[in-house]
Amino acid sequence: MSSGEEPELIWLRPEHSGRGPRPAHSRTSIARAAVDLADREGLDAVTMRRIAAELGAGTMSLYNYVPKKEHLFDLMVDVLAAEYDLPEHPTGDWRTDLTLLAHQLRTVLTRHTWATTLIAHRPGLGPNGLRVTEYHLAALAGTPLDGTAKMEAFSQLTGYVCQFTDWQHRSTAAGHRWLTDLVRYLQTATATGQYPHLAATLAESATPPDTDATFERGLQRLLTALIEG
């Protein structure tokens with residue numbers, strides 16, 4: 001970065017200079033307004049113009065706080081990270097602690113279904129995100145994983161929860177008609193006798209599947225693979 005060039009990462013930029021009148025807004029208030037808007041109307045509705053209207057501010061004035069939309073997304077993700085309700089210290093049982101993290105992320109993403117795209121493509125490590133990351137690393141302190149493996153585990157655990165929650169939301173949004181059509185299609189396909197293993201598997205599967213149980217089974221298998229190999 002050349003001398004005088006602003007850092008790309010918003011966390012390296014001072015929120016305000018400390019000179020002049022007290023700012024009318026803050027990064028947090030802008031991000032919270034953006035989150036509320038996304039909750040109501042989806043991520044595509046989030047523009048600086050709409051946020052300015054929500055706050056009763058001029059659109060251009062908000063760029064003094066948040067210069068780029070990517071910065072706004074980073075701030076929004078960090079606002080969501082503040083919703084984790086973590087104990088002060090991990091229990092010392094890495095499986096229990098990572099299970100807690102996964103369930104809390106799922107809860108956050110269920111409240112804010114639009115957020116899976118942001119977290120998957122632009123993971124944030126703002127102040128609240130750092131708190132969550134520190135808890136994850138503390139939970140793994142007694143495992144044989146090195147630093148790289150610990151961070152990879154964090155990324156893979158987050159990815160699993162995002163993918164599952166996104167699938168669950170899309171399946172619910174598609175409604176029962178989609179599920180009915182899928183069952184009918186699979187019944188037609190397996191009736192041909194060309195897919196005996198699929199037919200046997202479907203015959204042994206619970207209908208309808210228990211979403212919470214499915215999430216938990218996948219989570220525990222992932223944790224075993226990540227930590228125990």
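The residue numbers shown here count from 1 along each chain, following its written sequence. Reporting in this predicted model follows two pLDDT cut-offs: at least 70 for local features of residues, and 80 or more for side-chain atom pairs to be given and counted; totals over whole chains, interfaces and linings ignore these cut-offs and use all residues. As a rule here, side-chain values come from all non-hydrogen atoms in the structure, and water together with hydrogens is ignored.

**A word on empty space enclosed by the protein**
- Every definition here rests on a 1 Å grid over the protein atoms only: cavities are sets of points where a 1.4 Å probe fits but cannot get out, pockets are open sets enclosed by protein on both sides within 12 Å along at least five of seven lines, and lining residues have some atom within 4 Å of a point. Grid points are joined across faces, edges and corners, and a volume is the space filled by probe spheres set on the points. Under the criterion given, the structure shown has 1 cavity of 30 Å³ or more.
- Within this model, the largest cavity holds a volume of roughly 50 Å³.
- Together, Tyr84, Leu101, Ala102, Leu105, Val132, Phe154, Leu157, Thr158 and Val161 line the largest cavity.
- A run of DSSP states H or I qualifies as a helix once it reaches four residues; a run of E qualifies as a strand once it reaches two. Both are numbered from the N-terminal end. When residues of the lining of the largest cavity are traced back to their parent elements, those giving at least two are α5 (94-111) and α8 (147-190).

**Topic: a nonpolar patch on the surface**
- Judged by side-chain polarity, Trp178, Leu179, Leu182 and Tyr185 come together as a nonpolar surface patch covering roughly 400 Å² of accessible area.
- Positionally, Leu182 belongs in helix α8.
- Exposure categories follow from relative accessible area, calculated using a 1.4 Å probe and restricted to protein chains: below 20% of the type maximum is buried, above 50% is exposed, and the middle band is partly exposed. Residue classification places Leu182 among the partly exposed residues on the basis of a relative accessible area of 33%. By definition, no residue in a patch forms a salt bridge, and every one has over 30% relative accessible area; like charges are joined within 9 Å, nonpolar side chains (Val, Leu, Ile, Met, Phe, Trp, Tyr) within 5 Å. Values of accessible area rely on a 1.4 Å probe in the Shrake-Rupley scheme; residue burial ignores everything except the protein chains shown. The salt bridge criterion pairs a side-chain nitrogen of Lys or Arg with a carboxyl oxygen of Asp or Glu, the two atoms within 4 Å.

**Re the packing of α5 against helix α10 (residues 211-228)**
- Remark: α5 packs on α10, axes separated minimally by 11 Å, with the N-to-C direction vectors making an angle of 135 degrees. Here α10 runs oblique to α5, going by the angle between their axes. With respect to the hand of their crossing, α5 and α10 are arranged in right-handed fashion. Taken together, the residues of α10 that come into contact with α5 (itself represented by Trp94, Arg95, Leu98, Thr99, Ala102, His103 and Arg106) are Thr211, Asp212, Phe215, Glu216, Leu219, Gln220, Leu223, Thr224, Ile227 and Glu228.
- Among the residues forming the contact of α5 with α10, the class breakdown is 7 nonpolar, 5 polar and 5 charged. Between the N-to-C directions of two axes lies an angle of 0 to 180 degrees, each axis being a line fitted to C-alpha atoms and, for a helix, fitted only over the stretch in contact. Angles below 35 degrees are treated as roughly parallel, those above 145 as roughly antiparallel, those between 65 and 115 as roughly perpendicular, and all remaining angles as oblique. In a left-handed crossing the near helix is turned counterclockwise from the far helix by less than a right angle, and in a right-handed crossing that turn is clockwise. In what follows, residue pairs with any heavy atoms lying within 4.5 Å of each other are defined as contacts. Each residue is assigned to one class: nonpolar for Ala, Val, Leu, Ile, Met, Phe, Trp, Tyr, Cys and Pro, charged for Asp, Glu, Lys and Arg, and polar for all the others, Gly among them.

**Focus on the packing of aromatic side chains**
- Ring geometry is summarised as follows: Phe, Tyr and Trp rings, the Trp one being its six-membered ring, pair when their centres sit within 6.5 Å, and such pairs are stacked at plane angles under 30 degrees, edge-to-face over 60 and tilted between the two. This structure, assessed with the given rule, holds 4 aromatic pairs.
- An angle of 25 degrees between the planes, with centres 5.5 Å apart, marks the rings of Tyr160 and Phe215 as stacked. With Tyr160 in helix α8 and Phe215 in helix α10, this pair connects stretches of sequence that are 55 residues apart. Here Tyr160 and Phe215 have matching classes, each one buried.
- Charge-over-ring contacts are defined here by two conditions on Lys NZ or Arg CZ: a distance within 6 Å of the ring centre and an angle within 35 degrees of the ring normal. It is Arg106 that lies over the ring of Phe215; its NZ or CZ is 4.5 Å from the centre.

**Describing the side chain of Arg27**
- For Arg27, the position within the fold is in helix α1 (residues 27-41).
- Within the structure, Arg27 has its side chain in polar contact with the backbone oxygen of Pro14 (distance 3.3 Å).
- In this structure Arg27 touches Ile10, Arg13, Pro14, Glu15, Tyr65 and Leu75, once residues within four positions along its chain are discounted. Pairs of N or O atoms are called polar contacts if they sit within 3.5 Å, as long as, within protein, a hydrogen donor faces a hydrogen acceptor (for residues adjacent in sequence, only side-chain-to-side-chain pairs).

**What about the confidence of the model for the protein chain?**
- pLDDT gives the predictor's per-residue confidence on a scale running from 0 to 100. Of all residues in the protein chain, 93% have pLDDT values of 70 or greater, and the mean over the chain is 89.
- Mean pLDDT per element in the protein chain: helix α6 (residues 115-121) is the minimum at 86, and α5 is the maximum at 97.

**Describing the layout of surface pockets**
- When its volume is computed, the second largest pocket comes out at roughly 440 Å³.
- Contributing elements (two or more residues each) for the lining of the second largest pocket: α4 (69-81), α5, α6, α7 (127-139) and α8.
- By residue number, the principal contributor to the lining of the second largest pocket is α8, which donates 7 residues.
- When grouped by side-chain class, the residues that make up the lining of the second largest pocket number 14 nonpolar, 8 polar and 1 charged.

**A closer look at the nonpolar core**
- Take the buried Ala, Val, Leu, Ile, Met, Phe, Trp, Tyr and Cys residues and link them wherever side-chain atoms come within 4.5 Å; each set so joined is a nonpolar core. Counting residues in each nonpolar core, the largest one holds 56 residues, and the members touching the most others are Val46, Ile51, Leu72, Met76, Leu98 and Trp114.
- Excluding anything up to four places from it in sequence, Trp114 contacts Val35, Ala38, Asp39, Leu43, Met76 and Leu80.

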